[in-house]
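Next come the chains, spelled out residue by residue.
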Amino acid sequence: MEEILKQFPNLTENQIQQFHKLEALYQDWNAKINVISRKDIDELYTKHVLHSLAIAKIQPFVAGSYVLDVGTGGGFPGIPLAILFPETRFYLIDVIAKKIKVVQAIAEALELKNIKTEQLRAENVKGDYDFIVSRAVTNMPDFVSWIKDKIKKQNKHELKNGILYLKGGDLTKELASFPKATEYNIADFFSDEFFETKKVVHLPLKFKA
């Protein structure tokens, strides 16, 4: 939690309280429905919350923008980003109903009005989004095939509309067919050794009418 306060010094008191509440909420829900591995729950703020917020270091979201979180699992990266960007609308989806139940409950407990959750496959999502975020749910070619027709036409951000993907390791082969993809090393922003091989991948995608 200290690292979050250091990295994001302009948080409001309400945002600080929301981040503080995450630990107790996840420990409570994880005891009932396992959405985070037992060994990771003790490092929630580093391995899940701060990891999710790495996206904000690459591209802060402007007010009025729309972000789709595919395969949100326990609510990452969507919930931490929704706390950080209360004026951005987040749509968190997962195919597993019990995970969406947890995410919805946590969003309600935090009084996050900018989150919508649904049990849904990415291919069945309606609407267009400024960015589509995810945390290593599959390989990039498959991911692109799921969401390539869900990108807004008008750009509001410094980076072009498209995918912001959290993934680790050597991505050379996986990104070989995406020459426009850019890898950002999270270790350039966060010092914990957990982030040494972790990246945010930005892949711009064109609007498809």
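Because the structure is predicted, anything quoted here is derived from the model rather than measured.

Go over the side chain of Ser-134 with me, naming the residues and quoting the values.
Looking at where Ser-134 falls in the secondary structure, it is placed in strand β4 (residues 131–135). Within the local environment of Ser-134, its side chain forms a polar contact with the backbone oxygen of Val-70, the two atoms lying 2.7 Å apart.

So what's going on with the nonpolar core? Residues and values would help.
Ranked by size, the top nonpolar core spans 51 residues in total, and within it Leu-22, Phe-61 and Ile-79 carry the most contacts. For this core, the secondary-structure elements that each account for two or more residues are α2 (13–32), α4 (44–58), α5 (78–84), β2 (89–94), α6 (97–109), β4 and β5 (162–168). Here this core takes nine residues from α4, the largest share from any one element. Ignoring sequence-local partners within four residues, the contact set of Phe-61 consists of Ile-55, Val-67, Leu-81, Phe-85, Thr-88, Phe-90, Phe-131, Val-133, His-157 and Leu-164. Formed by 23 residues, the second largest nonpolar core is a distinct cluster that contains Leu-120, Ile-147, Phe-178 and Leu-203.

So what about the pattern of salt bridges? Which residues, and what values?
Per the counting criterion, the structure on display carries eight salt bridges. The partner of Asp-28 in a salt bridge is Lys-32, and the shortest N-O contact between them spans 3.5 Å. Of the two residues, Asp-28 and Lys-32 are both situated in helix α2; the distance of four residues between them amounts to about one turn of the helix. For Lys-199, the salt bridge is made with Glu-183, and the minimal N-O distance between the two is 3.4 Å. You can see Lys-199 sitting in strand β7 (residues 198–204) and its partner Glu-183 sitting in strand β6 (residues 182–185), a full 16 residues away along the chain. Given a relative accessible area of 35%, Glu-183 falls into the partly exposed group.

Describe the packing of aromatic side chains, with residues and values.
Counting across every chain of the model gives nine aromatic pairs. Aromatic pair Phe-143 and Trp-146: ring centres 6.0 Å apart, planes at 55°, arrangement tilted. Here Trp-146 and Phe-143 lie together in helix α7 (residues 140–147), a separation of three residues that amounts to about one turn. Residue classification places Phe-143 among the buried residues on the basis of a relative accessible area of 0%. What links up through ring pairs into an aromatic cluster is the set Phe-61, Phe-85, Phe-90 and Phe-131. The ring of Phe-8 has Lys-57 lying over it, and the distance from NZ or CZ to the ring centre is 4.9 Å. Here the guanidinium or amino end of Lys-198 rests over the ring plane of Phe-194, the centre of that ring lying 4.2 Å away.

Conventions adopted
Residues numbered from 1 in each chain as written. Predicted model: local features only at pLDDT ≥ 70, side-chain atom pairs only at ≥ 80, totals over all residues. Heavy atoms only, no water. Helix = DSSP H or I, 4+ residues; strand = E, 2+ residues; numbered from the N terminus. Polar contact = N/O pair within 3.5 Å; in protein donor to acceptor, adjacent residues only side chain to side chain. Core = buried A, V, L, I, M, F, W, Y, C linked by side-chain atoms within 4.5 Å. Buried < 20%, exposed > 50% of the residue type's maximum accessible area, 1.4 Å probe, protein only. Contact = heavy atoms within 4.5 Å. Salt bridge = Lys/Arg side-chain N within 4 Å of Asp/Glu carboxyl O. Phe/Tyr/Trp six-rings, centres within 6.5 Å; stacked < 30°, edge-to-face > 60°. Lys NZ or Arg CZ within 6 Å of the ring centre and 35° of its normal.

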